[in-house]
Amino acid sequence: MGTSSESFEFELLPYRTEATKRERPKAGVEGDVGPFGPVVVERCPLYQPLEKGMDTARLSGPAFPETVFRGKRRSGRPSLFKAELTLDGRHAELRFNAKALKREDRVLRIAYDGREYVYSSEGLGKAKVLRREGVRVSIGLGRQIPPAGIAGAGTATGPVDAVDLALAIVLEEVDTDVLTLTGAALSSPFALMQRFSDRAE
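The text that follows walks through the structure, step by step, so that each part is easy to find. (Residues numbered from 1 in each chain as written. Predicted model: local features only at pLDDT ≥ 70, side-chain atom pairs only at ≥ 80, totals over all residues. Heavy atoms only, no water.)

**Observations regarding the packing of aromatic side chains**
So, point 1. Under the definition given, this model contains three aromatic pairs.
So, point 2. Centroid distance phenylalanine 8 to phenylalanine 10: 6.2 Å. Interplanar angle 50°. Geometry classified as tilted. For the pair formed by phenylalanine 8 and phenylalanine 10, the shared burial category is buried.
So, point 3. Residues phenylalanine 8 and phenylalanine 36 carry aromatic rings whose centres are separated by 6.3 Å and whose planes lie at 35° to one another, so their mutual orientation is tilted. Linking phenylalanine 8 in strand β2 (residues 8–17) with phenylalanine 36 in the loop between β3 (26–32) and β4 (38–43), this pair joins segments that are 28 residues apart in sequence. A single burial state applies to phenylalanine 8 and to phenylalanine 36, both of which are buried. (Phe/Tyr/Trp six-rings, centres within 6.5 Å; stacked < 30°, edge-to-face > 60°. Buried < 20%, exposed > 50% of the residue type's maximum accessible area, 1.4 Å probe, protein only. Helix = DSSP H or I, 4+ residues; strand = E, 2+ residues; numbered from the N terminus.)

In structure tokens form, the structure reads like this:
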């Protein structure tokens, strides 16, 4: 898994497949990520009763570690509640302070393989940014893709490697609205339901 010291841009395109007799429907994003080549993130848009309210987003690509994010299902995606993240089968540690009131404190902290990452949102509907020392991967809204999709417009800066990109890209298919106070306020009825369902389990 190489690194790229250049700054480069990339685009992630939304996709969706219909259910067949053999396969469940899939949704997610895919694209070519500069020197790292093709990547795809896949999740199942349908509610799956056997998963007990959990959802999974799975990233794969020839140059990338297989990256799996699992969390409580919210608006058809995994969320930061009860979240777990693995890269090549190894766990990353996730820390998020849901009670923080300042935007700079409402960040997702990820520790993996000796690295410390901070993942933050620049506001509801704005770019999400993953940072570690010397490296920044930002993904915001790109061009409109008919009929109803919007591409993700990514920029990678610094000696970025496949792990950095895998983390930033898999999180595109995770509900991270709670990283902004507006998003947290909008999802507070959900948080209340969450508390009851956690007790009920």
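From this point, the narrative continues.
**Here we look at the side chain of lysine 128**
So, point 1. For lysine 128, the location among the structural elements is in strand β12 (residues 128–132).
So, point 2. Buried and without a salt bridge, lysine 128 has glutamate 172 as its closest oppositely charged side chain, separated by 5.3 Å. (Lys, Arg positive; Asp, Glu negative; His and termini not counted. Salt bridge = Lys/Arg side-chain N within 4 Å of Asp/Glu carboxyl O.)

**Remarks on the pairing of β12**
So, point 1. Counted residue by residue, β12 has four buried out of five residues, so it is predominantly covered.
So, point 2. Pairing of strand β11 (residues 115–121) with β12 involves four bridges; the strand directions are antiparallel. Looking across to β12, one finds that valine 118 is bridged to arginine 131.
So, point 3. The turn linking β11 back onto β12 is made up of six residues, and glycine 123 within it adopts a positive phi angle of 135°.
So, point 4. Where β12 meets strand β13 (residues 135–145), five bridges bridge the pair, whose relative direction is antiparallel. When the sheet's bridge partners are listed, lysine 128 is paired in β13 with isoleucine 139.
So, point 5. Connecting β12 to the next strand, β13, in antiparallel fashion are two residues, including glycine 134 with a positive phi near 80°. (Pairing = 2+ DSSP bridges.)

**Let's talk about the side chain of serine 138**
So, point 1. Counting through the fold element by element, serine 138 comes out in strand β13.
So, point 2. Every residue in contact with serine 138, bar those within four places of it in the chain, is listed here: Ala127, Lys128, Val129, Ala153, Gly154 and Thr155. (Contact = heavy atoms within 4.5 Å.)

**Some points on the pairing of strand β14 (residues 149–157)**
So, point 1. By the bridge criterion, five bridges tie β2 to β14 in an arrangement that is antiparallel. For leucine 12, the partnering residue across the bridge sits in β14 and is glycine 152.
So, point 2. Relative to β14, β13 runs antiparallel, the two sharing eight bridges. Its bridge partner being in β14, glycine 140 is matched across the sheet by alanine 153.

**Focus on the nonpolar core**
So, point 1. Counting residues in each nonpolar core, the largest one holds 39 residues, and the members touching the most others are Phe10, Phe64, Ile110, Leu165 and Ile169.
So, point 2. Among the elements that make up this core, the one with the highest residue count is helix α1 (residues 162–170) (eight residues).
So, point 3. Setting aside chain neighbours within four positions, we find isoleucine 169 in contact with Phe10, Leu12, Val33, Val39, Val41, Leu59 and Ile139. (Core = buried A, V, L, I, M, F, W, Y, C linked by side-chain atoms within 4.5 Å.)

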